[in-house]
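If you want the building blocks of each chain, they are given just below.
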Amino acid sequence: MRQAAQRILCLVPALVLLAPFSAHAQLEPTFGPLPVFEFHSNFWINLHHELYFEAKLRENKSVPAPRPNAPAQNPLQNKLRTMADAATPLTPPEQAAWEQAVQFYLRNFADKDLLFNNDLILLKNQLDDFEGCDDLSGAHKKTCDAGLPANLTQVLDAAAPVYRAHLWPDQDRANRRWVARVAPLVEEQGVGIAERLAEIYQAKWPKYKIRVDVAAHANWAGAYTTLDPLRVTISSTDAANQGDEALEVLFHEASHGIAEPVEAAIARECRQRDKAIPRDLWHALIFYTTGEVVKPVLSKSTKSASETSASTSPHPDRPPAAADPDEYVPYAVREGLYERGWNDYLQLLTRFWQPYLDGKSSFDDAIARMVSSL
Ligand SMILES: [Zn+2]
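Residues numbered from 1 in each chain as written. Predicted model: local features only at pLDDT ≥ 70, side-chain atom pairs only at ≥ 80, totals over all residues. Heavy atoms only, no water.

Draft legend 1. Structural context of the pairing of strand S4 (residues 231-235). Taking burial as the measure, the five residues of S4 include five buried ones, the bulk of the element. Neither face of S4 is left uncovered, since the one carrying Arg-231, Thr-233 and Ser-235 and the one carrying Val-232 and Ile-234 both have all their residues buried. Sheet topology note: the strand S2 (residues 210-215)/S4 ladder contains five bridges and is parallel. Directly across from Arg-211, in S4, lies its bridge partner Arg-231. Pairing of strand S3 (residues 223-226) with S4 involves four bridges; the strand directions are antiparallel. (Buried < 20%, exposed > 50% of the residue type's maximum accessible area, 1.4 Å probe, protein only. Helix = DSSP H or I, 4+ residues; strand = E, 2+ residues; numbered from the N terminus. Pairing = 2+ DSSP bridges.)

Draft legend 2. Here's a closer look at unusual backbone geometry. Asp-228 connects to Pro-229 through a cis peptide bond whose omega is 5°. In this structure, Pro-229 sits in the loop between S3 and S4. In this fold, Asp-228 is placed in the loop between S3 and S4. When its relative accessible area of 47% is taken as the criterion, Asp-228 is described as partly exposed. Within the chain, Asp-274 stands out as a residue other than glycine whose phi angle is a positive 60°. The exposure class of Asp-274 is exposed, given its relative accessible area of 75%.

Draft legend 3. Representation of the coordination of the zinc ion. Listed as protein donors to the zinc ion are His-252 (NE2), His-256 (NE2) and His-283 (NE2); their distances from the metal cover 2.0 to 2.1 Å. In the primary sequence, the donor residues of the zinc ion line up as H-x3-H-x26-H. Of this pair, His-256 sits in helix H6 (residues 245-258) while His-283 sits in helix H8 (residues 281-298), placing them 27 residues apart in sequence. Since its relative accessible area comes to 6%, His-256 is described here as buried. A relative accessible area of 12% places His-283 in the buried class. (Donors = N, O, S within 2.8 Å, 3.2 Å for Na, K, Ca; no water.)

Draft legend 4. Quick peek at the environment of Asn-46. Note on placement: Asn-46 falls in helix H1 (residues 43-59). Accessibility expressed as a relative area gives 2% for Asn-46, which makes it buried. Taking the C-alpha atoms as reference points, Asn-46 and Val-214, separated by 168 residues in sequence, lie 7.9 Å from one another. Sequence-distant contacts of Asn-46, that is, excluding residues within four places in its chain, are made with Ser-41, Tyr-163, Trp-168, Gln-171, Asn-175, Val-214, Ala-215 and Ala-216. Polar side-chain contacts of Asn-46 include one of 3.1 Å to the side chain of Asn-175. (Contact = heavy atoms within 4.5 Å. Polar contact = N/O pair within 3.5 Å; in protein donor to acceptor, adjacent residues only side chain to side chain.)

Draft legend 5. Summary view of the sheet that holds strand S1 (residues 37-40). Read across the open sheet, the four strands follow the order S1-S2-S4-S3; overall the sheet is mixed. At either margin of the open sheet sits one strand with a lone partner, and together these are S1 and S3. Looking at each pair of strands side by side, their axes are set apart by 20° on average, direction ignored. On the sheet, H1 packs against S2, S3 and S4 and is oriented at approximately 55° with respect to S2. Running over the sheet, helix H3 (residues 118-129) touches S2, S3 and S4 and is turned about 90° from S4. (Axes fitted to C-alpha atoms, helices over the stretch in contact; angles between N-to-C directions.)

Draft legend 6. Just the packing of aromatic side chains, in detail. Evaluation of the coordinates by the stated rule reveals 18 aromatic pairs. Ring centres 6.1 Å apart and planes at 70° place the aromatic pair Phe-39 and Trp-178 in the edge-to-face group. You can see Phe-39 sitting in strand S1 and its partner Trp-178 sitting in helix H5 (residues 168-201), a full 139 residues away along the chain. Of the two residues, Phe-39 and Trp-178, neither departs from the other in class, the shared state being buried. Aromatic pair Phe-287 and Tyr-331: ring centres 5.6 Å apart, planes at 20°, arrangement stacked. Residue Phe-287 is located in helix H8, and its partner Tyr-331 is located in helix H10 (residues 331-334); the two are separated by 44 residues in the primary sequence. The burial state of Phe-287 is the same as that of Tyr-331; both residues are buried. Within the aromatic cluster, the residues linked to one another by ring pairs are Phe-37, Phe-39, Trp-178, Trp-205 and Phe-251. Over the face of the ring belonging to Phe-43 we find Arg-164, whose NZ or CZ atom lies 4.1 Å from the ring centre. (Phe/Tyr/Trp six-rings, centres within 6.5 Å; stacked < 30°, edge-to-face > 60°. Lys NZ or Arg CZ within 6 Å of the ring centre and 35° of its normal.)

Laid out in C-alpha cells, this is it:
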C-alpha cells in the first residue's frame with residue numbers, strides 16, 4: 001500500500017496537467033465537517049477503478065477474492081462486483097461501449113500497478129481534479145476538458161453513461177454508507193490519533209485535510225496511498241475496511257505520507273552498520289504502530305487507554321495473556337500479515353519499538369536496537 005517516491009511527471013505527454021476548474025463535489029458529510037480527512041465519492045474515480053477491476057478480472061491476476069470471513073455488514077462484498085452483476089440489463093449499444101472500455105483497460109492498464117505506475121497515478125489524480133464534470137472532453141463545459149489522451153477520453157466518456165445508469169447509484173450509496181459509518185470515529189478520535197502518530201514518527205501532520213477517495217474497488221490491497229500530493233484511495237466494499245477497522249485503515253494509509261523519518265532512520269542505521277536495508281520493516285512498523293495507537297480507542301474494554309497499553313502490550317519475554325474478546329485486533333494480526341513472512345519483524349517491533357511507544361525508550365534507540373538485531 002505504498003507508493004515509491006513518485007516525482008517524475010508525465011510519461012504520457014498528452015496527459016497534460018490542467019488546473020482543475022470544476023468545483024470539488026465533496027460528499028455532504030452526514031456528521032458535519034470532519035477533521036483530518038476529506039472524503040469524496042467521485043464518479044470518475046469510481047468508474048476508473050471499476051474498469052481497472054474488470055480488466056484485471058479478465059486478466060485473472062491480483063484480484064482480491066471475496067474474503068471467507070466477510071462480515072455481515074458488508075453485503076456488497078459479493079454483489080456489484082462487475083457490470084455483469086448490474087440489476088438492470090444493458091442495451092446492446094451500452095454493452096458495446098462498456099466492453100470497449102474494459103478492453104481498453106485490459107490492453108493499456110491491466111498489467112500496470114495502480115500504486116507504482118506513474119501513468120495510473122497521474123490519471124487518478126487527474127480524474128480527482130475533474131470530479132464535478134459530466135464528461136472529460138469539455139463538450140458541455142470547456143473547463144471540463146481534462147486533457148487526457150483522445151482515445152482514453154473517448155473510452156471514458158462512452159462508458160460513463162452506462163456506468164451512471166447501471167452501477168454508480170449503488171456504488172455511490174455504498175461509499176456514502178461507508179463514510180457515514182466511519183465519520184463519528186474520525187470526528188471523535190481523528191485529531192488525537194493524528195497528533196499521536198505525528199509525535200511517534202517525529203513528523204508534522206499535514207495542515208490540510210487529507211483527500212480520501214472512497215470507491216467500490218481500490219487496488220488488490222483494498223486501499224492505497226500516493227504521494228505528492230498525498231491522496232488515499234480506499235474500497236468501501238472490501239471486507240477488511242468495514243466497521244471500526246476502517247479507522248485503522250485510514251490512519252495506516254495516511255501514515256504512508258508522514259512516516260518518512262522512520263524509513264530514513266532505518267536506512268541510516270543500516271548504512272552505518274553495513275547492513276542491507278530490510279525492504280518491509282518500515283511498512284511492518286507503520287502497520288504495528290497504527291494498530292497499537294487505535295487499539296485503546298477501539299477496544300470495547302472499559303479500561304483506560306494507559307491501563308490497556310500497560311497490560312496488553314505484546315512483549316516477547318512475557319507469555320501472551322488470554323485473548324480479551326473486547327480488545328481490538330489490529331489489521332496486521334487480523335489479516336495474517338505477520339504470519340505471511342513478517343514474524344521476525346513483529347519480534348523486533350514488540351521488543352524494541354513497543355518500549356518507545358510506551359515512553360521507555362527514545363526514537364533513535366528503538367531504531368538502532370531494531371537494526372542491530374536484524
Ligand atoms: Zn501500507
